[in-house]
Every structure is written in C-alpha cells, then in structure tokens.
Amino acid sequence: MFPRLTRVTSALARMHSPTAVRRIASAGTFVAALETLSQHEKFRKGDLLGSQFDVFYPKFAKRHPRITRALSWRGLPYAFHGAQAAVSAATFLWPRNRTLRLAGGTTLAALSAAQRYWNPYGRDGADQLQQVINVTLASTALIEDREKADDLAMRALALETTISYAASGVVKAVSPVWLKGDAVGGVLRTKNYGDPRAHRLITRYPQLSKALSWGTIAIECGFPLVYVLPRPAARAYLASMTAFHLGIGQLMGLNRFFLAFGATHPAIHYVLAQRRRELSAAPRPAAGPAA
C-alpha cells in the first residue's frame, strides 16, 4: 500500500499544482454537500441540522422575528448545500477558469460562513481547512497575473498546512492522555468516531495504542522537516501523511479530512519544486586559487 501511495504522491507532484488543489478541494466540498443532503430528515427547525439561529442569537431573533422565521425555513439548507454542490462541481470541471475561481471561491466561502451562523453543529477541522482554501483561492484570483496568483496561493496553502500539522502535534505532545498512549484507544471506543474491531485490537495489544499515539505526535510535529529532506524522502513523508488521513477516514469515519488536507499536498509539492529550482539557480561561490 505504501509504495502505491508514494507513486500517487509522485503523480501529484507532476500535475499542475493549482489545478490539482482546486479539483481535490472542490471534490471535498461536493462530498460534504451530498453527505449533508443525505441527512435531510434532520433539517427540521431545532433538529441537529435544522436552524439553531434563534438559540444562539436570541436577542437578534426577538428584535427581528421575520428574518428569524425566514432563516428557520426548512428549504434553506437544501438551497445552501445544493448551491455548494453545484459550485463545487463547476469548479471541478473548469478548475483553470479565473472568473469561476473568484466567483466559486467567494460563493463557497460565503456559504460556509453563513452556515456557521445558521447552524454551527456538524462542522469540524475539514470544514475549517476547506474555508481557508476557498478564501485563499478567491483572494488570489484578484491578482491579474495568473502565474503570480498561483504562486502566492500555493505558498499560502503550504504554509497553512504546515502550521496546522505542527500545531496539532504540539497540542498532542503536551497532552497527558496522548503522552500516556491512551488517546487513540479512547477515540476508537467512542460511538461517533470509534471502530469496535480496532478498539478490541488496541485493547489486546496496548503497546500498539502507544505506538500510534506517539507516532501521530512525531509525524505531525516533524512535518516542517519535509522542506529540508531529500526529494525521495520528502515524497515518502507526504505519502505517509496521505496514509495517515486514509487511516483516520477508515477507522473514524472522517473521510472529508482526506480530501481537505489532500487538497493542500499539491501546494506543498509545488513549494518543494520551486525551492529546488531556486537552489539550482543560485550562483555558487567561486573556488579559491589553487595552492
């Protein structure tokens, strides 16, 4: 499996990075929209995916009852997520269209922000990273020079991803539960994010839980090293992160994390390639006179 992931990672490195980012990210928002629409029975007001606006903003609801009633309309989430699916599909089909990049990114960012106020439940780190991608792609689309726009977008997303991984690792590194090695087993025991078979295996072999917990801390905290590793090692590191997200998706059901973080990996490949070009183009110091 790992060699196959390395080949996939190498293929992503050869693709046009901005196009790969947009397509993978749009696939993520498309899947997220369909997942939510498939739970339409929960769109009723007060239900898990229904309007919670009056609960979180009671003063506004009391002052503006008509607006609140409009926001409580059951058809609103269909409109929200239907528009998200449509814009995501268009972005996937025409990823290099500058107008769509600006309009699509802005629309997806606006829809995500509106949904956060309308109902904050059901959102996670994948949604937050997708929002970063939307805002980054939309704002850089304002730059007239496409090459400069792509360069800035890729560097910004690579930096954001690196900070996200490292910060997540540091938070785990100071957590007694993670350092003790019980975190993974605890998560796998939960109803929402657990897996009974994996939990039984972890319980039977507690050292495996420690290895997974410490391994997660190590690969997240050490992620900035990808920029100084040799080319094959850097690709292998990114492949290990892909495997990491696939494992989370399989065991915890958080499949959208794979698409959200996977959308930023081409940006990291882009930065690595640019760094190699810059180093190869840099003038080398002249050799001193022979003795």
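This one's a predicted model, so the numbers in the text were calculated from it and none came from an experiment.

### Points about the overall build of the protein
1) Next: Of the regular secondary structure elements, the protein holds 16 helices and 0 strands.
2) Next: Relative to its 291 residues, the protein shows a buried fraction of 43%.
3) Next: For the protein, long-range pairs separated by at least 24 residues make up 73% of all intrachain contacts whose partners lie at least 6 apart in sequence.
4) Next: Of the roughly 16300 Å² of accessible surface on the protein, 64% is carried by carbon and sulfur atoms.

### A few points about the confidence of the model for the protein
1) Next: When pLDDT is averaged along the protein, the result is 83; 86% of the residues meet or exceed 70.
2) Next: Mean pLDDT across the elements of the protein bottoms out in helix α1 (residues 2-14) (51) and peaks in helix α9 (residues 146-173) (94).

### Observations concerning the nonpolar core
1) Next: With 30 residues, the main nonpolar core has I133, M154, F223, V226, Y227, I268 and L272 as its most contacted residues.
2) Next: Among the elements of the structure, α2 (17-37), α8 (125-140), α9, α14 (231-252), α15 (255-262) and α16 (265-281) are those that each provide at least two residues to this core.
3) Next: Broken down by element, this core gets its largest block of residues, 6 residues, from α14.
4) Next: Other than its neighbours up to four places away in sequence, M154 contacts S17, P18, V21, A267, Y270 and V271.
5) Next: In this structure, A183, V184, A198 and I217 belong to the second largest nonpolar core, which totals 7 residues.

### Describing the side chain of T29
1) Next: Of note, T29 is situated in helix α2.
2) Next: A relative accessible area of 7% means that T29 is categorised as buried.
3) Next: In this structure the side chain of T29 is engaged in a polar contact, spanning 2.6 Å, whose partner is the side chain of S88.
4) Next: Here T29 is in contact with Q84, S88, L108 and Q130, once residues within four sequence places are set aside.

### Details of the packing of α14 against α15
1) Next: Put simply, α14 and α15 touch, their axes get as near as 7 Å, and they point 155 degrees apart. On the basis of their axis angle, the class for α14 and α15 is roughly antiparallel. Taken together, the residues of α15 that come into contact with α14 (itself represented by T242, H245, L246, G249 and Q250) are N255, F257, F258 and F261.
2) Next: Looking at the contact of α14 with α15, its residues break down into 4 nonpolar, 5 polar and no charged.

### Notes on the side chain of R22
1) Next: Along the chain, R22 turns up in helix α2.
2) Next: Within the local environment of R22, its side chain forms a polar contact with the backbone oxygen of P95, the two atoms lying 2.9 Å apart.
3) Next: For R22, the side chain forms a polar contact with the side chain of D150, separated by 2.8 Å.
4) Next: Contact partners of R22, with chain neighbours within four places excluded, come to T91, P95, R96, R101, L137 and D150.

### Observations concerning the pattern of salt bridges
1) Next: Here the structure, examined in full by the defined rule, presents 7 salt bridges.
2) Next: One salt bridge connects R22 with D150, and the closest N-O pair in it is separated by 2.8 Å. One end of the pair, R22, is in helix α2; the other, D150, is in helix α9, and 128 residues separate them in sequence.
3) Next: Residue classification places D150 among the buried positions, given a relative accessible area of 9%.
4) Next: In this structure, a network of salt bridges that share partners links the residues R22, R101 and D150.

### As for the packing of helix α7 (residues 98-118) against α8
1) Next: Here α7 crosses α8 at 145 degrees, and the two axes come no closer than 8 Å. Where α7 crosses over α8, the handedness of that crossing is left-handed. Of the residues in α8, those in contact with R101, L102, G105, T106, L108, A109, S112 and A113 of α7 are Q131, N134, V135, L137, A138 and T140.
2) Next: For the contact of α7 with α8, the class distribution of residues is 7 nonpolar, 6 polar and 1 charged.

### Looking at the packing of aromatic side chains
1) Next: In total, this model carries 4 aromatic pairs according to the counting rule given.
2) Next: A centroid spacing of 5.9 Å and a plane angle of 90 degrees characterise the contact between F223 and Y237, whose relative ring orientation is edge-to-face. Placement of F223 in the loop between α13 (206-221) and α14 and of Y237 in helix α14 is noted, with a sequence separation of 14 residues between them.
3) Next: We classify F223 as buried; its relative accessible area is 0%.
4) Next: Members of the aromatic cluster, joined through ring pairs, are Y165, F223, Y237, F257 and F261.
5) Next: Between R23 and the ring centre of F92, over which it is positioned, the NZ or CZ distance is 5.3 Å.
6) Next: The side chain of K172 reaches across the aromatic face of W178, ending 5.2 Å from its centre.

### Comments concerning α7
1) Next: Between its first and last C-alpha, α7 extends 30 Å over 21 residues, near the 30 Å set by a 1.5 Å rise per residue.
2) Next: Within α7, burial applies to L100, R101, G104, G105, L108, A109, L111, S112, Q115 and W118.
3) Next: Where α7 is buried, its residues meet α2, α3 (53-56), α5 (65-71), α6 (75-93), α8 and α9.
4) Next: For α7, the N-terminal cap is N97; the gap from its side-chain oxygen to the backbone nitrogen of T99 is 3.1 Å.

What counts as what
- Residues numbered from 1 in each chain as written.
- Predicted model: local features only at pLDDT ≥ 70, side-chain atom pairs only at ≥ 80, totals over all residues.
- Heavy atoms only, no water.
- Helix = DSSP H or I, 4+ residues; strand = E, 2+ residues; numbered from the N terminus.
- Buried < 20%, exposed > 50% of the residue type's maximum accessible area, 1.4 Å probe, protein only.
- Contact = heavy atoms within 4.5 Å.
- Areas by Shrake-Rupley, 256 points an atom, 1.4 Å probe, with all protein chains shown as cover.
- pLDDT = per-residue confidence, 0-100.
- Core = buried A, V, L, I, M, F, W, Y, C linked by side-chain atoms within 4.5 Å.
- Polar contact = N/O pair within 3.5 Å; in protein donor to acceptor, adjacent residues only side chain to side chain.
- Axes fitted to C-alpha atoms, helices over the stretch in contact; angles between N-to-C directions.
- Parallel < 35°, antiparallel > 145°, perpendicular 65-115°, else oblique.
- Nonpolar A, V, L, I, M, F, W, Y, C, P; charged D, E, K, R; others polar.
- Salt bridge = Lys/Arg side-chain N within 4 Å of Asp/Glu carboxyl O.
- Left-handed = near helix turned anticlockwise from the far one by under 90°.
- Phe/Tyr/Trp six-rings, centres within 6.5 Å; stacked < 30°, edge-to-face > 60°.
- Lys NZ or Arg CZ within 6 Å of the ring centre and 35° of its normal.
- Expected span 1.5 Å × (residues − 1).

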